[in-house]
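Close look at the chain arrangement
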Amino acid sequence: MQFVNYDGLKDNMLRITDILDKTQAYLPPEDQEMIEKAYIFSASVHQGQLRLSGEPYLTHPMEVAGMLADMKLDAATIITGLLHDTVEDTLTTTAQIEAAFGKDVAFLVDGLTKISKITLGSQEERQAENFRKMILAMSADLRILVVRLADRIHNMRTLNYQPPDKQKYIATETLDLYAPLANRLGINWMKVELEDLSFRYLENDAYSELSRRIEKKQEQRDQYTAEVKGVIAKEIAKHGLKGEVEGRAKHFYSIYMKMQNQRIDFDEVYDLIAFRIVLDTDKDRDCYEALSIVHALWKPVPGRFKDRIAMPKANGYRSLHTTVIGPYGERVEIQIRTREMHEWAEEGIAAHWRYKEKRANLGTEDQQIMKLRELLDVQQEVDNPREFMANLKLALFPDEVYVFTPNGDVQAFPKGATPLDFAYSIHTDVGHQCIGAKVNRSIVPLKYELQNGDTVEIITQTGHHPGKDWLKWAVTSRARSKIKNWIKTEERKRSIEIGREILDREFKKHSLKLSQLLKSEDLKKLYEEHNVNSPDDVMALVGYGRLSAKHIVNRFLPEIAPKTEEAFIDKPARKAKSAPSLGISLTGIEDVLVKMARCCDPIPGDEIVGYISRGRGITIHTVQCTNVQELDPERVIEVSWNIKDKQTYSVDIRVVCKDKKGVIADVSSVISAMDINISHAEVETTPELQAICNFRIDVHDLKQFNQVVAAVKKVKCVISIERLKKS
């Protein structure tokens, strides 16, 4: 074979020979030749381009292709890895890609290019549109997402070359969305690496400390791991089972989250090592036999057994999990699975594609892929970027419960799901007409939280419709989206009726007819001014209270002075009016009562939005406030801070400390020393010898609040501090 010598390649760079060695075992020679051709093409068009690290740009597509080859993906996917940036970053066109490498590769590269070509205004809009495009592309071909994940992993591995602010943004996005997406595809190694790399940049001090403490006891853990592996291997061999026993340290981020969620110290984390029995069998019953062997060796811990073989996770993961009291009284977590289950657990969708080539029918795995696509379909109905991102994060839930249909089929739902979620998973009409449910043959309310093993039957009534309170009980993005759409449609119908009545009444006051408006050329001007398209849209604006009926009538009564106008939103060329008492600037709105939402207590520096309340002015919420997601998006408006005079804003914080003498006084004195007023304080202690202190403090802005947080964190015995948000 002929290879291109790329000037400037570092000795440790992955080479095309490495990738071809990986693929030689499972791809035919003609595919190998196409991969080499793609390498030559990529090297040629990226010639002279450098990464921030100073390395040739080619190192990036090579590393991405190497990961895809490790996963034993098809030639088209590996070639896409080599070419994924060519259309975006060079003069290459999709047509050239298709001519050289075929329609399949061109489609994949085009899908990845479209994700990257975003020209929207705000960072939030760009992020939302990025993920919307990725989901659309993913629905067409899941390989696009796998390449995107490999691309993100290499970018995370080289994140140290980015400036600190960009490191934080990319790491946050990775942890919030890319790692859960990898989890949904079942690609565990990707999920783990993305989480650990994100953790390193978002909580560097905690990451370094955890790394140091794990390394300190490494030798001791290695000895314990070898001993437990030896005992298990000997015992399963004695019973005629073949396979291997693995012992692995849990990844950093999972340990850190366990410490945070359970509020425990590193020394209290008992299961730093997880053991895995991988059996050379295709029979599920052998896994259960291995389980009985383990339970005969050591006493199982009650409530710590999970049967993911009988009830697989939504991403197709299957395994038995148990925790036992092992040697020296240590708790030991053990997973038991077949070789095929193990490949799926680690490589997810990639393993599915591999096995599909070997066997004619893989119903279960195909169903999992369909579920994944269905899970994301509802996102395409959402227009608001904030709502879209909130729904997407909700869709990527990590915790699930498994319930049965009356026919005995297993369905997976996020933790906290209710019969409403179950009803909408069957059909939209079943959800809309749901009036109750039977769980385990007993009638339960709609707000009942489903539990593992429940058998659920939905009770419907023709003509029944959703209510706003359903949004408090529904958890899945599908159910919430369908409920919101119904409410929005009904509210619009009512608003059109109300608007028509108000306009008709106002026109009659001046001896005019509403039909005059509908025939008038002024109606088209109203469309342009208020960005609407039909008479119904105008009626709806009046019904919502966004457009004054008098404002419309004035167009037919030119002698009436402009001061009678009452329209207060979406008016062109209207100067912004500020509310000096609260430091809020409201574009295009005058003389409106403004108040801060108590659910989230916004302070200057927070990203904020306003919500128009009928008859109660405008309420200011933080963008992240969970209540904002339940509000009518048509009544959410843009607002901004406009601070002229220094003033204080109240905010609630919770400080968790070790319950020791004087620690409360220490925390209070630190806050007071910064000239911060504590307007309210509550303290309670826990059986775990912790003191939970809730303070209400008055600060000028987010910067001062962050200074308080940093100062309190330095107090000895303080475990954590967080800003409280009320539901």
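Residues numbered from 1 in each chain as written. Predicted model: local features only at pLDDT ≥ 70, side-chain atom pairs only at ≥ 80, totals over all residues. Heavy atoms only, no water.

With that out of the way, let us pick up the overall build of the protein. On a plain count of helices and strands, the protein comes out with 29 helices and 21 strands. Across the protein, the fraction of contacts at a sequence separation of at least 24, relative to all contacts at a separation of at least 6, is 64%. Carbon and sulfur atoms make up 48% of the accessible area of the protein, which totals about 36,100 Å². (Helix = DSSP H or I, 4+ residues; strand = E, 2+ residues; numbered from the N terminus. Contact = heavy atoms within 4.5 Å. Areas by Shrake-Rupley, 256 points an atom, 1.4 Å probe, with all protein chains shown as cover.)

On the basis of which strands lie adjacent, the open sheet formed by three strands has the order β10-β9-β11 and antiparallel pairing. Looking at the sheet topology across the chains shown, the edges are occupied by β10 (442–444) and β11 (456–460). Strand-to-strand twist across the sheet, computed as the mean angle between neighbouring axes with direction ignored, equals 35°. (Pairing = 2+ DSSP bridges. Axes fitted to C-alpha atoms, helices over the stretch in contact; angles between N-to-C directions.)

Now for the pairing of strand β8 (residues 410–414). The pairing of strand β7 (residues 400–404) with β8 spans five bridges and is classified as antiparallel. Each residue of the ladder has a partner; that of Val 401, found in β8, is Phe 413. Joining the antiparallel neighbours β7 and β8 is a turn of five residues, in which Gly 408 adopts a positive phi near 95°.

Bringing the packing of aromatic side chains into the picture now. Counting across every chain of the model gives eight aromatic pairs. Here Phe 41 and Phe 101 contribute two aromatic rings whose centre-to-centre distance is 5.7 Å and whose plane-to-plane angle is 90°, an arrangement assigned as edge-to-face. Placement of Phe 41 in helix α2 (residues 29–45) and of Phe 101 in helix α6 (residues 94–101) is noted, with a sequence separation of 60 residues between them. Residue classification places Phe 101 among the buried positions, given a relative accessible area of 8%. Taken together, a centroid distance of 6.2 Å and an interplanar angle of 50° make the contact between Tyr 224 and Tyr 328 tilted. Here Tyr 328 lies in the loop between β5 (320–325) and β6 (331–338) and Tyr 224 lies in helix α13 (residues 218–238), a separation of 104 residues in the sequence. Note on Tyr 224: relative accessible area 15%, which makes it buried. Note on Tyr 328: relative accessible area 65%, which makes it exposed. Within the aromatic cluster, the residues linked to one another by ring pairs are Phe 199, Tyr 207, Phe 252, Tyr 253 and Tyr 256. (Phe/Tyr/Trp six-rings, centres within 6.5 Å; stacked < 30°, edge-to-face > 60°. Buried < 20%, exposed > 50% of the residue type's maximum accessible area, 1.4 Å probe, protein only.)

The next point concerns helix α4 (residues 75–83). Across the nine residues of α4, nine count as buried, placing the element largely inside the fold. For α4, the set of buried residues is Ala 75, Ala 76, Thr 77, Ile 78, Ile 79, Thr 80, Gly 81, Leu 82 and Leu 83.

Ile 19 and Ile 35 are the most contacted members of the largest nonpolar core, which has 56 residues in total. Contacts of Ile 35, omitting those with residues within four sequence positions, involve Ile 16, Ile 19, Leu 20, Thr 23, Leu 27, Ile 78, Ile 79 and Leu 82. Core analysis: the second largest hydrophobic core is formed by 32 residues, Val 594, Cys 657, Val 667 and Ile 676 among them. (Core = buried A, V, L, I, M, F, W, Y, C linked by side-chain atoms within 4.5 Å.)

A residue-level look at the protein finds 81% of positions with pLDDT of 70 or above and a mean pLDDT of 80. In the model, residues 356–365 has pLDDT below 50 throughout and makes eight contacts with residues more than four positions away in sequence or in other chains. Within the model, the stretch residues 559–580 combines pLDDT values under 50 with 48 contacts to residues more than four positions away or in other chains. (pLDDT = per-residue confidence, 0-100.)

So, on to the sheet that holds strand β21 (residues 718–723). Overall, antiparallel pairing links the four strands, which are arranged β19-β20-β18-β21 in an open sheet. The open sheet is flanked by β19 (677–685) and β21, the only strands paired with a single partner. Pairs of neighbouring strands in the sheet enclose a mean axial angle of 20°, with direction left out of account. When strand β18 (residues 649–658) meets β21, the two strands line up antiparallel, connected through five bridges. By the bridge assignment for β21, Cys 657 is matched with Val 718. Packed onto the sheet, helix α28 (residues 663–673) meets β18, β19, β20 (690–699) and β21 and runs at close to 15° relative to β20.

What follows is about the pattern of salt bridges. One side chain can pair with another of opposite charge once the charged atoms of both are near each other. Tallied over the entire structure, the rule returns 22 salt bridges. Across the salt bridge formed by Arg 157 and Glu 193, the nearest N and O atoms sit 2.5 Å from each other. Residue Arg 157 is located in helix α9 (residues 143–157), and its partner Glu 193 is located in helix α11 (residues 188–202); the two are separated by 36 residues in the primary sequence. With a shortest N-O distance of 2.9 Å, Asp 601 and Arg 598 are connected by a salt bridge. Under the relative-accessibility criterion, Arg 598 is labelled partly exposed at 44%. (Salt bridge = Lys/Arg side-chain N within 4 Å of Asp/Glu carboxyl O.)

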